[in-house]
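So you can see what is in the structure, the chains are spelled out below.
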Amino acid sequence: MYGDRARIGFIIPSNNTVLEAECAHYLPDGVSAHFSRISTDRTFSVQEARNIESRHLRAVEQLEVAFVDLIAYACMASAIAVKPGWAEEFVQKVEENTGTSAVAVSTATAEALYSLGAKRIAIGVTYPESMNPILNAYCAYHGLEAVRIVNLRVTDKKEICRLPVSSIIDLGRQADCPDADAIALLATDIRALPASAPLEAELGKPVVTSNGALLWAALGAAGITDSIPGAGRLLESVARTPAHPSSR
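Residues numbered from 1 in each chain as written. Predicted model: local features only at pLDDT ≥ 70, side-chain atom pairs only at ≥ 80, totals over all residues. Heavy atoms only, no water.

Chemist: Help me understand the sheet that holds strand 4 (residues 101–104), please; the structure alone is not making it clear to me.
Modeler: Sheet strands line up and pair through hydrogen bonds in the backbone, either parallel or antiparallel. Strand order across the open sheet formed by four strands is 2-1-3-4, with parallel pairing between neighbours. Of all strands in the sheet, those bounded by a partner on one side alone are strand 2 (31–38) and strand 4. Between one strand axis and the next, the sheet turns through 20° on average, direction left out of account. In this sheet, strand 3 (residues 70–73) lies alongside strand 1 (residues 6–13) in parallel orientation, the contact comprising four bridges. Each bridged residue has a counterpart across the sheet, and for Ile11 the counterpart in strand 3 is Tyr73. Seen against the sheet, helix 3 (residues 56–65) touches strand 1, strand 2 and strand 3 and runs at an angle of roughly 145° to strand 2. Along the sheet face, helix 6 (residues 105–115) touches strand 3 and strand 4 and points at about 75° away from the line of strand 4. (Pairing = 2+ DSSP bridges. Helix = DSSP H or I, 4+ residues; strand = E, 2+ residues; numbered from the N terminus. Axes fitted to C-alpha atoms, helices over the stretch in contact; angles between N-to-C directions. Contact = heavy atoms within 4.5 Å.)

Chemist: Is there a simple way to explain the packing of helix 1 (residues 19–26) against helix 11 (residues 210–221) in this structure?
Modeler: Two quantities define a packed helix pair, namely the angle between the axes and the distance from one axis to the other. Interhelical geometry of helix 1 versus helix 11 gives an angle of 55° and a closest axis separation of 11 Å. On the basis of their axis angle, the class for helix 1 and helix 11 is oblique. Crossing of helix 1 over helix 11 shows right-handed handedness. On the side of helix 1, the interface is formed by Leu19, Glu22, Cys23 and Tyr26, while helix 11 contributes Asn211, Leu214 and Leu215. Class assignment of the residues belonging to the contact of helix 1 with helix 11 gives a composition of five nonpolar, one polar and one charged. (Parallel < 35°, antiparallel > 145°, perpendicular 65-115°, else oblique. Left-handed = near helix turned anticlockwise from the far one by under 90°. Nonpolar A, V, L, I, M, F, W, Y, C, P; charged D, E, K, R; others polar.)

Written out as structure tokens, the structure reads:
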């Protein structure tokens, strides 16, 4: 059957059209991806991001019926906007209620940065500046420091997924600064994963993307250690995150 090595269920916002394509391109043979969507507004706002998380229960139920091996929460904005520690609570509830392992993109991103030896990070996001205090709180909760945040200020969700990879590479360049150990490109609906390797080659430091970190964590929790060439040093490594990443 498809997914004979692992079947991963992803919960994504309804506007997200990037993660499915990146899973199809980057997941190793024998690993299948299955998706459940949570409804979102057309325009991004902090309040809307906080409202999304209340809709995840139905998405969990849909994936449970699909008998996936792992459930991965794939909305970065809502995972950090509700409150620090929400993602860990989500993972615990899913595992208690379904008996299925779970990971969340926000915790996966923090663990990915730690795995690469990064604590001082430069952040590039499409979010408006209203998300910056939340990003700083997210970093502080995980023992990280955001030394710089660069915002593209794209609020129309139709346009976020249409940003070319070249624009994401430029965002990474703008975010980089001498104090940063790594670059973090955050949001699951931007084509940041293909930008990882070119940016790492140019800047000489790790680049972690939301989707790359989530795939890294999900594969690790599923026991898949394949190297994924061309996806940046995080996924090219065979090292994987623990099934239950924790805050620092």
